[in-house]
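Fold and geometry: a report
Below, each chain spelled out in residue letters.
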Amino acid sequence: MLKLVDLRGGKGKDLVFLRRERSLIPGDVGERAREICRAVREKGDAALFEFIRTFDRWNPPPSGPRLDPSLARVAWEESPEPFRRAVEECYQRVLSYHLRQVPEERWEGHGGIITGELPRPLSRVGVYAPGGRAAYPSSVIMAVAPARAAGVREIALASPPGPDGLPARAVLAVAGFLGLEEIYAMGGAHAVAALAFGTESVRPVEKVVGPGNQWVQAAKREVSGWVGTDALAGPTEVLILADSRAEPRLLAVDLVAQAEHDPEAMAILVTPDEGLVERVVRALEEEVRAAGRRGVVEEALSRGGYAVLVDSLEEGVEAANAFAPEHLELVVEDPDPLLTGVRAAGTVFLGSSSPVAAGDYCAGPNHVLPTAGTARFSSGLRVDDFVVRVNVVRLEPDGLRSLAPAVEAMAATEGLPGHARAIRARLELAPEGLGAGGGSSAGLLPRAPVRASRPYRVRQEGARVKLNTNESPFPLPREILEEVAEEFREFPLHRYPDPLFSRSRAALARFHRWDPEGIWVANGSNECLHHLLLAYGGPGRTILTFEPGYSMYPRLVRGVGGRIVSRPLGRGFTLEPEAAHRAAKEVRPDLVLLSSPNNPTGNSQPRAAVEALLAGGAGMVVVDQAYVEFGGEDLSGLAREDPRVVVVRTFSKAWRLAGVRLGYLLTGAEVTEVLARVALPYHLSSLAQLVVCAALARADLVLSAVALVREERERLRGGLEALGVMVHPSDANFLLVETGLPGREVTRLLEERGVLVRDVSDYPGLERCFRVTVGTREENEIFLEELGRVLAGGLPGGGGVCQG
Ligand code: PMP
């Protein structure tokens, strides 16, 4: 059933000869398609309608082949439930995979020569979906997902109509699900031409993509250059490289799955194990007999089914590279080392539980892949296919001056004196101060996300009452400081600290009854988050956060080059489990950052929200519990149960040690092992560890202040309510206060009176809020008094106090 090819004993590794002599588009089809395209281009609808009548056997109405989009919506609503669920799942997975491919702006430059690259989505794209036996709704998903991810606004779908004038039901239904508004019932070469050139009834697009028969391929070749097109697709193919441990039946079913696409499909087994070939052939006989599309499978295997013997797996990889298959399966014990050698393949499937069939629908990567050996020089459909990049040049005077000699010399050689003049004229115009005022520094530009952000700044000094950074108002008890001082006298400061911070780890492990290996300590919980993002959240990763949330999250994510997606919290700033689940399903985040209690709102999030994020498919959920000692549920139990949960804690708040800069994570040993790869050597100062270990040894004493803070919090709340302002519920050591006045103004007026609180009015919905840390009783009294004055005074422009 499989033709045997023996490449052993140095008989070369070239499998290209297996590709039969065939041209993708027979000459007569090419000629005819050219005529059709020319006719549509020159005569518009007159030609298009005629071709639709002749080839699609349908009489379009005078308005043209565009369908009422409600037909697609109805088709979707009437589709069977399992199909609808599958389509949703596939689209979400494929979309989130492609969202990660979206390119970012690039800027670079120094010496006054600044250059950049701006990715911009195409505006209008045409997607072709074949009809008949090859009417695959999955192909519509695979074309639309990367276009949408790229930001293409208008997508026109063309698909050949059946006798009822409608495209295949499943294709129409998926168009309905995707919310496509522009659907044309037309197929073949004329459809491609109409999309490319436009007619009276079809608006032209900028690029046409999608599979199709020879006519469609020929037309794409014809219009290419006028518009963009994706690659010409040949018959589908798989090359499976297997070792002797591979299960013959699994190889056989994958060969059949490929063969059932098309009598022209190719299915190739490559292995160094002769015995395996025999076993696979036996299994194949049975599988073919039971195959649903037996006729197609038999024809494909008899024409394009091969078993290839090679000397080694490495030789097998070389054979695969030469063949450059659309799909490559590495069904071997340890595929990773072989993967290193793979140079040409559409998609590689690693290991025995990764069949091509999963990749055809919903693993994530696109199934529109290079065939017929074109994987040597091209890739599968991706976001880049729907994006153009605009180059940008900005020269400052220094930069122009430094380029001048090269430009002038090249211009002289090429006989283009006007080019030299374009430089000279500028330099002569203002020899010493050209463009003065418009230029920035001639130094190295920071990376784009860094350019877009500002340094972290808060007022630290000089105020009478400082209630803006959620510190503890109570210093560490004297006796603990004495103990630290005692130990410090003998402290070996000439040595590096313990790189594994074993002492702090052990002390925390005792305190939390946690596996010491699962504890990670860093300089503040901020650095814990930074380490997590360095390891799990950099370029190509998507991080989900909720707003209003901790302001450092977007800064940290951008700093490491990740992509941040933010969703609003619900009523009362609560993350409802349903909303959490939906967000995780839609965004498919690699990592979620969620604080509970939340800064700046103070409320805690339900455990079920974290569970819903996990159920929705989040890769890792980081639950930031910097304030949990003050209230709300301790969610560290979740991190014990599920390796995808990491809980963040800090010594800065309840432990009264903000100045020490230590925070920690409660997680599993797998995570801490990864974090150790990104942390700098000896990242924790031994002095900081000394203090924290002393505090942990007297945990009860240190944390005794928590009760005081909570008590003061409730007094403060009472005082605020007496002033007639609204105070949001809080489990933290701060309160979110809502007045009738703009938060920024209130913050400023309080500052003028020596009281620092935090302005949070930049958050949508918090325009009239500020955040105040619970201080000592005296501090709180001063704050209340000054706030009373500010509110009584109102703003220069008027405006009063909001009651309630
Ligand atoms: N997470 C949250 C929610 C915070 O509010 C803060 C500090 N305000 C931190 C983490 C970081 O604190 P540190 O780095 O001091 O541990």
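Our structure is the block above this text.
Residues numbered from 1 in each chain as written. Predicted model: local features only at pLDDT ≥ 70, side-chain atom pairs only at ≥ 80, totals over all residues. Heavy atoms only, no water.

**Side note on the sheet that holds strand 10 (residues 237–242)**
Short version of the rule: Two strands are said to pair when DSSP picks up at least two bridges between them. We count a stretch as a helix when DSSP gives it H or I for four or more residues in a row; a strand needs E for two or more, and each element gets its number in order from the N terminus. Fitting a line to C-alpha atoms yields each axis, with helices limited to the stretch in contact; the angle taken between N-to-C directions then spans 0 to 180 degrees. Should any heavy atoms of two residues lie within 4.5 Å, those residues are counted as being in contact.
In spatial order, the strands read 1-12-11-10-13-14; together these six strands make up an open sheet with parallel pairing. Bordering the open sheet on either side are strand 1 (3–6) and strand 14 (347–350), each of which pairs with just one other strand. With direction set aside, neighbouring strand axes in the sheet form an average angle of 20 degrees. Across four bridges, strand 13 (residues 327–331) lies against strand 14 in parallel orientation. From the neighbouring strand, Leu328 faces strand 14, where its bridge partner is Val348. Along the sheet, helix 9 (residues 248–259) makes contact with strand 10, strand 11 (266–271) and strand 13, crossing strand 10 at roughly 165 degrees. On top of the sheet, helix 11 (residues 294–304) reaches strand 1, strand 11 and strand 12 (305–309); it is set at about 40 degrees to strand 12, its chief contact.

**Here we look at a nonpolar patch on the surface**
What counts, and what does not: To count toward a patch, a residue needs a relative accessible area over 30% and no salt bridge; like charges are then connected within 9 Å, while nonpolar side chains (Val, Leu, Ile, Met, Phe, Trp, Tyr) are connected within 5 Å. Every accessible area reported is derived by Shrake-Rupley at a probe size of 1.4 Å, with residue values counting cover from the shown protein chains alone. Whenever a carboxyl oxygen of Asp or Glu lies within 4 Å of a side-chain nitrogen of Lys or Arg, that contact is scored as a salt bridge. For every residue, the accessible area obtained with a 1.4 Å probe (protein chains only) is divided by the maximum for its type, and the residue is called buried under 20%, exposed over 50%, and partly exposed between those limits.
Side chains of Phe488, Leu493 and Leu687 sit close together on the surface and give an oily, nonpolar patch of about 260 Å² of accessible area. Within the element layout of this structure, Leu687 appears in helix 26 (residues 686–697). Look at Leu687 and you get partly exposed, because its relative accessible area is 33%.

**A few points about the environment of Val256**
Positionally, Val256 belongs in helix 9. Judged by relative accessible area, which is 9%, Val256 ranks as buried. Remark: the alpha-carbon pair of Val256 and Arg293, spanning 37 residues in sequence, is separated by 9.3 Å. The contacts of Val256, once residues within four sequence positions are left out, are Leu284, Glu287, Val288, Ala291 and Val297.

**Examining the pairing of strand 14**
Operational definition: When the strands point away from the viewer, a crossover counts as right-handed if the path from the first strand over the helix to the second runs clockwise.
In strand 14, alternate side chains face the same way, and those of Thr347 and Phe349 are buried while those of Val348 and Leu350 on the opposite face are not. You can see the chain leave strand 13, run along helix 13 (residues 335–341) and come back into strand 14, and the turn it takes is right-handed.

**Some points on helix 12 (residues 313–323)**
For helix 12, every residue scored as buried is listed here: Leu313, Gly316, Val317, Ala319, Ala320, Asn321 and Phe323. Looking at the buried side of helix 12, the elements it contacts are strand 10, strand 11, strand 13 and helix 13. Where helix 12 terminates, the next one or two residues include Ala324, which has phi positive at roughly 50 degrees.

**Re helix 20 (residues 524–536)**
Cut-off, in case you're wondering: For a helix, the expected span equals 1.5 Å multiplied by the residue count minus one.
Here helix 20 spans 19 Å end to end across 13 residues, near enough to the 18 Å set by a 1.5 Å rise per residue. Buried residues of helix 20: Gly524, Ser525, Glu527, Cys528, Leu529, His531, Leu532, Leu533 and Tyr536, and no others.

**Here's the deal with the pattern of salt bridges**
Applying the stated criterion across every chain, the model contains 58 salt bridges. Salt-bridge contacts for Glu117 lead to Arg389; the nearest nitrogen and oxygen are separated by 3.1 Å. Of this pair, Glu117 sits in strand 4 (residues 113–121) while Arg389 sits in strand 15 (residues 387–395); the two residues are 272 residues apart in sequence, bridging distant segments of the chain.

**A few points about the site of the ligand**
Short version of the rule: The near set for a molecule or strand comprises every residue that places at least one heavy atom within 4 Å of it. Residues adjacent in sequence count toward polar contacts only when both atoms are side-chain atoms; beyond that, a polar contact is any pair of N or O atoms within 3.5 Å, and within protein one must be able to donate a hydrogen and the other to accept it. Only Asp, Glu, Lys and Arg are considered charged in this grouping, and only Ala, Val, Leu, Ile, Met, Phe, Trp, Tyr, Cys and Pro are considered nonpolar; every other residue, Gly among them, is considered polar.
Neighbouring residues of the ligand: 13 residues in total, closest Ser525, Asp624, Thr650, Ser652 and Arg661. A distance of 2.5 Å is found between a nitrogen atom of the ligand and a side-chain nitrogen or oxygen belonging to Asp624. Here an oxygen atom of the ligand and a side-chain polar atom of Ser652 are 2.6 Å apart. Starting from 410 Å² of accessible surface for the ligand in isolation, the protein chains cover 93%. Here the shell around the ligand is composed, by residue class, of three nonpolar, seven polar and three charged.

**Quick notes on the packing of aromatic side chains**
Under the convention used in this document: Pairing of aromatic rings covers Phe, Tyr and the six-membered ring of Trp, with a centre-to-centre limit of 6.5 Å; geometry is then stacked below 30 degrees between planes, edge-to-face above 60, and tilted otherwise.
Within the structure shown, the criterion is met by 13 aromatic pairs. Here the aromatic rings of Phe501 and Trp520 are separated by 5.3 Å at their centres, their planes lie at 80 degrees, and the arrangement is edge-to-face. Of the two residues, Phe501 sits in the loop between helix 18 (478–489) and helix 19 (502–512) while Trp520 sits in strand 17 (residues 519–522), which places them 19 residues apart along the sequence. Exposure remark for Trp520: the relative accessible area of 3% places this residue in the buried category.

**Regarding the side chain of Ser139**
Of note, Ser139 is situated in helix 5 (residues 137–150). Residue classification places Ser139 among the buried positions, given a relative accessible area of 7%. A polar atom in the side chain of Ser139 sits 3.2 Å from the side chain of His367. In contact with Ser139, not counting residues within four places along its chain, are Pro211 and His367.

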